[in-house]
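# Summary of structural features
Residues per chain are reported as follows:
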Amino acid sequence: MAAPSPPHLRIGITCYPSVGGSGILATSLGEELALRGHEVHFISYERPFRLKLPAERISFHPVEINDYGLFKYPDYTLPLSVKMAEVAAQHRLDILHVHYAVPHATAAILARSMLPESIRPKVVTTLHGTDTTLLGKDPGYAPALRHALASSDALTAVSTFLANETRRLLDAGRAIEVIPNFIVPRTPLLTREQVRADLGIAADQTLLIHSSNLRPGKRIDLLLESVALLPNPDSFRLLILAGESFEPHRALARRLGLESQILVRERVAEVEEFMQAADLSLITSESESFCLSIVEAMWFACPSISTNVGGIPEVIQSGRTGVLVPFGDPQAFARAIEDLKNNPARRATLGQAARDSARSQFSADAIVPRYEALYRRIRAQSIPQSIK
Ligand code: GMT
């Protein structure tokens, strides 16, 4: 790894700490920045679930949320902004980098304006997906969101699709830099064979995998319907790594007669063992700005079959590093699975290209220097962005 270009920066990072791509990305970014010599301060209501502490140059500052009897709904934005301002002043933050705009960007703008001009950090807002594609359409959020984006010192989005959607829905009059996501996988502690044996996968069975938080947009109904169309039920198993409970989907799995084909592991914090053991990853989302779990599979040479939506074509090159299928067509999805299931040589070719692409395009070494360059560029701008 190249030595950090001096001086090192002091960076505050706010994200959702729970299972979800934006929090995973923010955690990896903070850890990588610390490894490159920067001082990193995580500010959130809980320690991000993948953040390993203690770690050199990383601190975590919890936000206390009060439940005053007067409040029907507890407020997070104000205590978050107060904590951001406190950490920024105490540690002389250069940058406050918020992941997922709502409510983090609003809190950051408020925190910045609470501080004397001489110690105001620059605010970087990274858009991840539903902060724009869902909340940007909501009249109860859009004006506040637009204001927070227009007032940030820099805006980034994880795909060109999301940058375009943000311009379309929320034109904030600001440039949006596209910086794709990256992953920093752990080295698995078990071999592929050990994991498959633990899961009860026979040598001639294909292991399909789906990893997500199972939120509605992931369309688990379409995943199950597609898999239920596959012939020879004993020739495969579908492993679901569920960020949330799988219970709401059990009834459909039962109705489709899939119970003995499905293996579920809930709230798995570390996915690497499973990804290296899988043969094909399946994503049936109706909307996705990037889809980190595709890259997690690619890293382990496991090609994905995915719906052709949102930013996914920026992650998978169809026919080269995976296969894209039109959204909402379980028959076509099942055919794509069956084709690759029966063709291990093709799977291996796609898997090798996926592995190479994950390393060259979506690794920390490819992406973190882009954030560092952005931080240095905006830090050098002496006049703070005025609130428009
Ligand atoms: O929808 C999710 O999976 C959660 C959400 C999040 O913010 O954690 O994911 C969004 O951000 C991820 C990281 O940038 C992207 O990989 C996901 O595609 C994106 N989700 C959507 O756009 C629906």
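Bear in mind that the values here come from a model prediction, so they are computed numbers and not experimental data.

Conventions we followed
Residues numbered from 1 in each chain as written. Predicted model: local features only at pLDDT ≥ 70, side-chain atom pairs only at ≥ 80, totals over all residues. Heavy atoms only, no water. Near = heavy atom within 4 Å. Polar contact = N/O pair within 3.5 Å; in protein donor to acceptor, adjacent residues only side chain to side chain. Areas by Shrake-Rupley, 256 points an atom, 1.4 Å probe, with all protein chains shown as cover. Core = buried A, V, L, I, M, F, W, Y, C linked by side-chain atoms within 4.5 Å. Buried < 20%, exposed > 50% of the residue type's maximum accessible area, 1.4 Å probe, protein only. Domains from an automatic or database assignment. Contact = heavy atoms within 4.5 Å. Salt bridge = Lys/Arg side-chain N within 4 Å of Asp/Glu carboxyl O. Helix = DSSP H or I, 4+ residues; strand = E, 2+ residues; numbered from the N terminus. pLDDT = per-residue confidence, 0-100. Phe/Tyr/Trp six-rings, centres within 6.5 Å; stacked < 30°, edge-to-face > 60°. Buried area = accessible area lost by both parts, 1.4 Å probe. Nonpolar A, V, L, I, M, F, W, Y, C, P; charged D, E, K, R; others polar.

Moving on, we get to the site of the ligand. Lining the immediate surroundings of the ligand are 18 residues, of which G21, S22, H128, N181 and E288 lie closest. At 2.9 Å, a side-chain N or O of K218 approaches an oxygen atom of the ligand. In this structure, F290 approaches the ligand through a main-chain N or O atom, which is 3.1 Å from an oxygen atom. Relative to its unbound accessible area of 480 Å², the ligand is 92% covered by the protein chains.

Next up on the list: the nonpolar core. Counting residues in each nonpolar core, the largest one holds 97 residues, and the members touching the most others are M84 and Y375. Residues lining this core come from more than one domain, with at least three contributed by each of domain 1 (10–184 + 364–387) and domain 2 (192–361). Among residues more than four places away in sequence, those in contact with M84 are T14, I43, L96, V98, H104, A107, A108 and A111. L208, A242, L280 and I337 belong to the second largest nonpolar core, which has 29 residues in total.

Attention now moves to the pattern of salt bridges. For the structure on display, the rule yields 26 salt bridges. Here D365 and R36 are joined by a salt bridge, their closest N and O atoms 2.8 Å apart. Of this pair, D365 sits in helix 14 (residues 364–379) while R36 sits in the loop between helix 1 (21–35) and strand 2 (39–44); the two residues are 329 residues apart in sequence, bridging distant segments of the chain. Among the residues examined, D365 registers a relative accessible area of 56% and is labelled exposed.

The next point concerns the confidence of the model for the chain. Chain-level statistics for the chain give a pLDDT mean of 95 and a share of 97% at 70 or above. Of the regions scoring below 50 in pLDDT, residues 383–388 engages in 20 contacts with residues more than four places distant in sequence or in other chains.

Moving on: the packing of aromatic side chains. Geometry of an aromatic ring pair is reported as the spacing of the ring centres plus the angle between the planes. Per the stated rule, a full pass over the model turns up 5 aromatic pairs. On the basis of an interplanar angle of 90° and a centroid distance of 5.6 Å, the ring pair of F290 and F362 is categorised as edge-to-face. Of this pair, F290 sits in the loop between strand 11 (280–283) and helix 11 (292–299) while F362 sits in the loop between helix 13 (344–361) and helix 14, and the two are 72 residues apart along the sequence. Taken as a pair, F290 and F362 share a single burial class, namely buried.

For the chain, the assigned domains read domain 1 (10–184 + 364–387) and domain 2 (192–361). One C-alpha centre belongs to domain 1, the other to domain 2; they are set 31 Å apart. If you look at the interface, domain 1 gives 21 residues, while domain 2 gives 18 residues. Carbon and sulfur atoms make up 59% of the surface buried where domain 1 meets domain 2, a total of about 1,500 Å² over both sides. Three residues stand out in domain 1 for area buried against domain 2, namely V19, F161 and I183, and they jointly supply 38% of the buried area on that side. Close ionic contact of R50 with E296 constitutes a salt bridge, the shortest N to O distance being 3.3 Å. Where domain 1 packs against domain 2, one counts 6 residue pairs in polar contact (both at pLDDT 80 or more). Mapped onto the side of domain 1 that touches domain 2, the elements with two or more residues apiece are helix 1, helix 6 (160–170) and helix 14. In terms of residue class, the side of domain 1 that touches domain 2 is made up of 12 nonpolar, 7 polar and 2 charged.

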